[in-house]
Amino acid sequence: MIHHYQPQPQPPHGIQLRKKYEGQDYPSILVRLSGLHPSETTHNLWVNFERLGNIAYIEIEDGTGSRRNGRAKIRFSPPPSTPFWLLGNPRGMYVVRQVDAMTLYNVQVYVKLQDLKRPPQIHSPIKLHISYDHKMPLYASKLHFGLIVEPKSLMPLQTITSDENNPKDLSLTVDLVRKRLTAEFTVTFRDPRTQGDMNYFSELKIGQYDRKNKYIFQIPFGQLNAIYRLNNSDRDSFAIMISLDSPPQFYRKLLDPEGSHSSENPVWSELDLWYRQTDIVYNPKMLHKIPVALRKDRPVIDIGRWTTYLFEFRQSQNSVNFELVKQALQDFNIETVTLDKITRVPARIPELWSFIDHPTSMHAASDLWALDGKTGTIQLPFEVRYQLEVCISKGLLNEYNITRIFISRLSEMASKNAVKARNILEYVDSQDKRIFNPMIIFDDPEALAFSPKTGIPHYCAYSRKATITPSTIYFSSPTVETTNRVLRHYARENEDGRFLRVQFTGEEFEGRINSCADKKRNDELFTRVYRTLYNGIRIGDRHYEFLAFGNSQFRENGAYFFCPTEHLSCDDIRNWMGNFSHINVVAKYAARLGQCFSTTRAINGLSAPEIVIIKDIERNGHCFTDGVGKISPFLAQMIAEELKLKSTHPPSAIQFRLGGCKGILVVSPEAEGRQVHIRKSQQKFTAIYNGLEVIRCSHYSCASLNRQTITILSALGVPDGVFLNMLTNQLVSYQDAMNDNNLAINLLLRYIDDNQMTINMATMIRNGFMEAGDPFFLSLLHLWRSWSIKLLKEKAKIIVENGAFVLGCVDETATLRGYTTPNAPEGEPVSENDLPQIFLQVPDKDDPNTYVVIEGMCLVGRNPSLHPGDLRVVQAVNVPALHHLRNVVVFPSTGERDIPSMCSGGDLDGDDYFVIWDKELQPKEWNCKPMEYTAPAQKEHDGPVEVTHLMKFFVRFMKNDSLPTIAHAHLAQSDFQDSGVKGNTCLELAALHSKAVDYVKTGEPAEMPKRLRPGKWPHFMEKRHKSKGAQYSSHKILGQLYDKVESVNFIPKYEASFDRRILSRYKLEDTLLKTVRQIKSKYDTAMRRVMAQQEIKTEFEVWTTFVLSKPRVGSDYKMQEQIGSISEALKEQFRTVCVEAAGGKDFEKLSKFVAGMYKVTKEELDIALAECRSTKVVGGREVPKRKMEPKYMPLISFPWLFEKELGRIATGWTTFEDLEDMGLQSLTMRNDQSHTRRRHGGAGDQLDDFVQQEDGVIVHRGEELDLFRPEIHIEEYEGESNESDTRSETGHSYMKGESGGIVLATGFRTPDPGFAENPLIGTGVEEVVPQTQLDGFIEPLETMNNPNGSSGSCDSTPTSLGRRTPDSPSSNKSAVAASAILDLADLVDMNGAPANFPANSDGHQPPTLSHSVQQAYVNSDLYDAGDEEDIMEEIVDIEIEESPMEKLARMHGL
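Okay, so let's go over this structure. (Residues numbered from 1 in each chain as written. Predicted model: local features only at pLDDT ≥ 70, side-chain atom pairs only at ≥ 80, totals over all residues. Heavy atoms only, no water.)

1. So, the overall build of the chain
Going by this rule: Secondary structure elements follow DSSP: runs of H or I no shorter than four residues count as helices, runs of E no shorter than two count as strands, and numbering proceeds from the N terminus. Classification of residues uses two cut-offs on accessible area relative to the type maximum, computed with a 1.4 Å probe and protein chains only: under 20% is buried, over 50% is exposed, and between them is partly exposed.
Check the secondary structure of the chain and you find 34 helices and 57 strands. Relative to its 1454 residues, the chain shows a buried fraction of 60%.

In structure tokens form, the structure reads like this:
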């Protein structure tokens, strides 16, 4: 219906009032347009209509097919003052200037009555009869950004004052729809030199960046514990203080909307004008050449660290009563606490940095201790300095509380015992509590006695980690992790803290940084990532530079950094890693470097394996042996002993690294003695031989269904009832198993997880711990149930008992029948005799020590499966010649095409496959044609690959990786569309998914067209941030499964009784118990450190790897794999410590010590439980002294490092754990060579082991291993570089180094010394992320129109801003990046009062910057069509999930 104007009653004669139209008093009004030109854009419509009112939203509608229907919608907020749609001649016509700005044409404009909507009222979740406005704004007179420096003491470090002419420009809005607070404020930037700061150096013209910008920050309700109200003596005024543990998201509003529009995107919202911010400084361009550091010298507002906000209000300026706001917040579980007063401490700069940072030293120096009088620099050893920054970055200590006396005392302690100085800071970190007076730790006996580090397994090392968020950086205390090839070789450097593992994430509450290829407003996040990679990270006098990234790290937005020494640089390390000069595809180059960072176990004592080269089996363009080689049974048994595998048989397959070779090695009788058989498909590059390295071994785990496989099986004819019955049986079994020992054992042995923890738990039940009601075991059992049900709810992970999840390998005997194109029509059954065959031998369900061969029809596939042809029906057969292979699925080497490539494009270099022989899951429709996917051509780089290319690829991948988006779209479309996975939409998405998977190899991103984006989302996908109109209740199988599962919260069973069998077994001496307590303290610290770093809430999750929280980055599967490695390393570390303390692993000695561990743990828990049951008075009401929550309870997993010993103590049974008793013959590993070799820059002395190639060539550890040297070309090597070079006998390229000597050229080139002439051009950031121009300039100068700024300078001698003055910093990268000084931008309040901050103490002059920032960036589809409500309500459409890590316990005493 078209709305027609109704005349309003006329006012009395003589009074002229503007007539009101219907809807004018609404918050917004929607105007519809028709008759638009097909080439119309949102920006052109904005240009034509913006003079009529404030435009909040524009959408140009799509028609059928690719043609538009000529209609559009424009929402004005507030409504225009004049109803222009009622005017015109004829009425409702409006003249529009076309995009070419030359042609005018008429369009019809009108308003529909049904579009007129009152703002929604939000019902109270507590009192349903009460409703609130969906937005409740409060207008402030002042906003202070600052820090809590003492309990009830705030130091405001920047103040914003509202504009008297526009008092609503400073506001705090409670948004009950989006459940968040939004603060809006305006910052006026003034050149520090105009404010009297003569120490501020800049080559910019004075006042060139003076401007006024509008900002907002948003605080989700979940990030708030409480807000604090302060009453003033003036009854009209009050204040609200909000103190956060981590920073919120900040945005800046663009004044010129043109850049926020895209000609390709038919939707625009005024929210597109808000761009994410990482810093608020006077001159943002300075950030492009400064290393990332915790210290920020000259911010206007340090948005990452100043996380306490004080708003001042006047009641007279606010129509909304604060009591109503308070009541609304309380209904949403946010308490308002009234404070009598809070002391405001005058602002000052922190003195800390001035006396721990040397004023001139910009490079790493030896750790010396010096107390140079009362004003000189105090040098701390690096390990102490690092730990100090750990505490500051986490907010446990604050630089404003740290005095020179404290640092002097710390330095004095370090000069005598650096470990002790480091330990007291590690103690602060372990307590996870804010300390306002740091001096008290020197008098804390627990801190002084704290000693967390112990001996660690030989395959582990301590690792330091930095987490880079958009606005700050967090450092983590060193944790124990399994090493990789690089860290083992450079063990000395790693021990010295030269390696730093870096991960890029969103803010702590935000989670990961999601990709957003089609959005501009998050580009600053990716710019910060690139700046970090390019400029490095500074910690004290150490400058960490980007080194490389592992392949798993890459997916998780992580990388390794290294701080060069005088004799070892990042280039030296990369040169040592291998020869990659033949690779000119950046993505592949990065992947090959990443091979060296795979977490591996070096097999000690495995000297002189004999390498045999064997041919790949290739046919019809398919490689049947891609990534698979052979290994002798003897070597496999050696590996089993080294890895301490508790199995009756050595592993049948081993995922490995050997020089530049990768893939799996399968046990084969054809491999004799010490032989390893390698195929050409396994060698990816030539590298230094560094021994055989093992990633993992084959083992059995249960097969399971997931959402993708269920969707495909349902489409192929498996009835819904099959899945529902499987789910029901599983849920009932979990419930009954909590009280039935036998059922629990049965389930745990049938539902074996990837880390095989359920087997351990079944053994614990057999040892009587379930019947005894041990609190640790009962907690594990209930955690297992909660974890399993969580996976059922979120991923539809239904366990398939008649199935297996195992590594894939190939039939070397050529016995199995291969795949041939069937004669039957597609979708029709094929004769079983025509099916391809597999071999599978897995443990018997009733007796895991015996194996059974599976026979009959099976379903085989690989995760993820999106295409109907990804699931293959095969025939499992019994082949005696393959009986030596267990816990692997053996695929045929015959036929037209290999089976793995038909399963989601798999291969045999370490891929896992599920095999299902459950008859009920056999689909009615099979023989579907596999997806014919051809990967795009790899993007080759002209010339050698440089390190900056890797940096750019890293950031581009973060921004453009659409794999999760495509997977979600496929899941939604397969449920919404009747054709499901067989429809064209899903088939196209499946192909796009494959392209997105290959992005890491090809460098070619997958772009999802707007037409493939879901218009509606099923309820089981939990898209709660979407509008109601964009969601629907699904009645297909996934919706039914989701509705049938109720989540079960995990609550540890602290109040259960400890096992009397253990407590009464021995009489324990006090000296033993004292030793046990000391080790437990160290164990608890190490466990809590792992929990904090991995953001896991309980020790039970770490111990079992059943992690309930969603990882900030990466998948749940990778998280479980990673935690499995970390958990086992932690257990092995402290098992070794305990065995040593007990006097040996002999049971008679160890058993008493283990019983002591159990008793000490009980005593600690008893004390805590007593405190939980007693109360104290707080605020006039009684509360427990201690909360019975994991965060506040002692850890109880310590004695379970020895679960088998505890079982033997409890039962009195004798157990046998030696390899001989399990059927494995013990091996004696001896060193065949008596001499050692010392490697440059490496870990020192190493055994001189070697490999002997088939041609008799011996390659020693530390020498290059090239198995296919005669063929020269590895992979897609297509010729030599155009660069002139010197070629050695080994095929390496050499080039002339900076010093004039000949050095190895691996494709990295030293950047041209002249590249940094312009400090912005040359970083390459503008090639990766389009840069957003500054705006809001005050009295723009002539130079504003000249981006190079060559028209003026503050120096007496004018200098081009594109050049350096003689006394400017060096143009080479390391010198430029050495400065960690940010711009001082003194913020002037709106009332004109400057904020006075002293100049930087060292007087360092930052490098000059100028650059013409590019704006040529096309923004594609930003929003789902027709989802206007969603867009209007959401500042970003990235789903924000609460971080699993609980907020840091920083009690302010408020």
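2. A short note on helix α31 (residues 1203–1211)
Heads up, the condition is: When checking whether two residues touch, look at their non-hydrogen atoms; a contact exists if any pair is within 4.5 Å.
Most of α31 sits out of view: 7 of its 9 residues are buried. All of the buried residues along α31 are E1203, E1205, L1206, G1207, I1209, A1210 and T1211. Where the residues of α31 are buried, they touch α18 (757–766), α19 (769–772), α26 (1060–1063), α28 (1099–1104) and α30 (1147–1173).

3. So, the sheet that holds strand β25 (residues 537–539)
Hydrogen bonding along the main chain pairs the strands of a sheet, whether they run parallel or antiparallel. Condition: Strands are treated as partners if at least two bridges between them are detected by DSSP. All axes here are fitted lines through C-alpha atoms, helices being fitted over the stretch that makes contact, and every angle between N-to-C directions spans 0 to 180 degrees.
Spatial ordering of the open sheet is given by β18-β25-β26-β27-β24-β22-β23, a layout of 7 strands whose pairing is mixed. The strands lining the two open edges of the sheet, one partner per strand, are β18 (292–293) and β23 (473–482). Where helix α4 (residues 382–393) meets the sheet, its contacts fall on β22 (460–468), β23, β24 (499–504), β25 and β26 (542–548), and the angle it forms with β23 comes to roughly 120°.

4. What to know about the packing of aromatic side chains
Our working rule: The rule is short: rings of Phe, Tyr and Trp, with Trp giving its six-membered ring, pair when the centres are within 6.5 Å, and they are stacked under 30 degrees, edge-to-face over 60, tilted in between.
The final tally for this structure, using the stated rule, is 58 aromatic pairs. Ring centres of Y209 and Y282 lie 6.3 Å apart, and the angle between their planes is 55°; on these two criteria the pair is classed as tilted. With Y209 in the loop between β11 (180–189) and β12 (211–220) and Y282 in the loop between β17 (274–277) and β18, this pair connects stretches of sequence that are 73 residues apart. For the pair Y209 and Y282, one class covers both residues: buried.

5. Section: the packing of helix α27 (residues 1070–1094) against α30
Operational definition: For this classification, under 35 degrees means roughly parallel, over 145 means roughly antiparallel, 65 to 115 means roughly perpendicular, and everything else is oblique. The crossing is said to be left-handed when, going from far helix to near helix, the turn is anticlockwise and less than a right angle, and right-handed when the turn is clockwise. Gly is placed with the polar residues, together with every amino acid not listed as nonpolar (Ala, Val, Leu, Ile, Met, Phe, Trp, Tyr, Cys and Pro) or charged (Asp, Glu, Lys and Arg).
Their axes nearest at 9 Å, the elements α27 and α30 cross at an angle of 70°. One way to sum up the angle between α27 and α30 is to call them roughly perpendicular. Where α27 crosses over α30, the handedness of that crossing is right-handed. Judged by residue contacts, L1072, L1073, T1075, V1076, R1077, I1079, K1080 and D1084 of α27 engage K1152, F1153, G1156, M1157, K1159, V1160, T1161, E1163 and E1164 from α30. Residues of the contact of α27 with α30, tallied by class, amount to 7 nonpolar, 3 polar and 7 charged.

6. A closer look at the nonpolar core
For clarity, the cut-off: Here, nonpolar core means buried Ala, Val, Leu, Ile, Met, Phe, Trp, Tyr and Cys residues that are tied together by side-chain atoms lying within 4.5 Å of each other.
Residues L705, W784, L921 and L1041 are the most contacted members of the largest nonpolar core, which totals 159 residues. Setting aside chain neighbours within four positions, we find L921 in contact with L705, L713, V718, V722, F723, M726, V800, L859 and I916. Core analysis: the next-biggest nonpolar cluster, separate from the first, contains 94 residues, I407, F562, C563 and F957 among them.

7. Here's the deal with the pattern of salt bridges
A side chain with one charge can pair with a side chain of the opposite charge if their charged atoms come near. Test applied: Salt bridges are defined as contacts in which a side-chain nitrogen from Lys or Arg sits within 4 Å of a carboxyl oxygen from Asp or Glu.
Applying the stated rule across the entire model yields 53 salt bridges. Notably, a salt bridge pairs E426 with R422, separated by 3.3 Å at the nearest N-O pair. Of the two residues, E426 and R422 are both situated in helix α6 (residues 418–431); the distance of 4 residues between them amounts to about one turn of the helix. For the pair E426 and R422, a shared accessibility class is recorded, and that class is buried.

8. Side note on the sheet that holds strand β4 (residues 93–97)
Pairing in this open sheet of 6 strands is antiparallel, and the strands run β4-β5-β1-β3-β2-β16 from one edge to the other. At either margin of the open sheet sits one strand with a lone partner, and together these are β4 and β16 (267–269). When the angles between neighbouring strand axes are averaged without regard to direction, this sheet yields 25°. Where strand β2 (residues 55–62) lies against β16, 3 bridges are found, and the strand directions are antiparallel. Considered in β16, the bridge of E59 is made with V267. Most of the contacts of helix α1 (residues 42–49) go to β4, to which it runs at about 120°, and overall it touches β1 (29–34), β2, β3 (68–76), β4, β5 (104–110) and β16.

9. Some thoughts on helix α22 (residues 963–976)
Filter applied, for reference: Each helix should span, by expectation, one fewer than its residue count multiplied by 1.5 Å.
Between its first and last C-alpha, α22 extends 20 Å over 14 residues, near the 20 Å set by a 1.5 Å rise per residue. The element α22 is extensively covered by neighbouring structure, given that 10 of its 14 residues are classed as buried. Buried residues along α22 sit in contact with α11 (551–555), α15 (707–715), α23 (984–997), β46 (1017–1018), β47 (1031–1032) and α25 (1037–1044).

10. Topic: the environment of I301
By the element assignment, I301 lies in the loop between β18 and β19 (308–314). For I301, a relative accessible area of 2% translates into the label buried. Spatially, the C-alpha atoms of I301 and G146 are 9.0 Å apart, while their sequence positions differ by 155 residues. When sequence neighbours within four positions are dropped, the list of residues in contact with I301 reads F145, Q158, F185, V187, I280 and W306.

11. Things to note about the packing of α18 against helix α20 (residues 775–795)
Geometrically, a packed helix pair is captured by the angle between its two axes and the distance between the axes. The N-to-C vectors of α18 and α20 enclose an angle of 135°; their axes lie 11 Å apart at closest approach. Classified by the angle their axes make, α18 and α20 are oblique. For the crossing formed where α18 meets α20, the hand is left-handed. Touching T758, M761, M764 and I765 of α18 are F776, F777, L780, L781 and W784, all from α20. Partitioning the contact of α18 with α20 into residue classes produces 8 nonpolar, 1 polar and no charged.

12. A closer look at unusual backbone geometry
Trans peptide bonds make up the majority, and among non-glycine residues the majority have a negative phi. S77 connects to P78 through a cis peptide bond whose omega is 0°. Here the amide bond leading from N863 into P864 is cis, since omega sits at -5°, within 30 degrees of zero. By secondary structure assignment, the location of P864 is in the loop between β42 (856–861) and β43 (872–876). Although it is not a glycine, D432 adopts a positive phi angle of roughly 55°. Structurally, D432 is set in the loop between α6 and α7 (445–449). Here N887, not a glycine, exhibits a phi torsion of approximately 60°, which is positive. Within the secondary structure, N887 sits in the loop between β43 and β44 (888–891).

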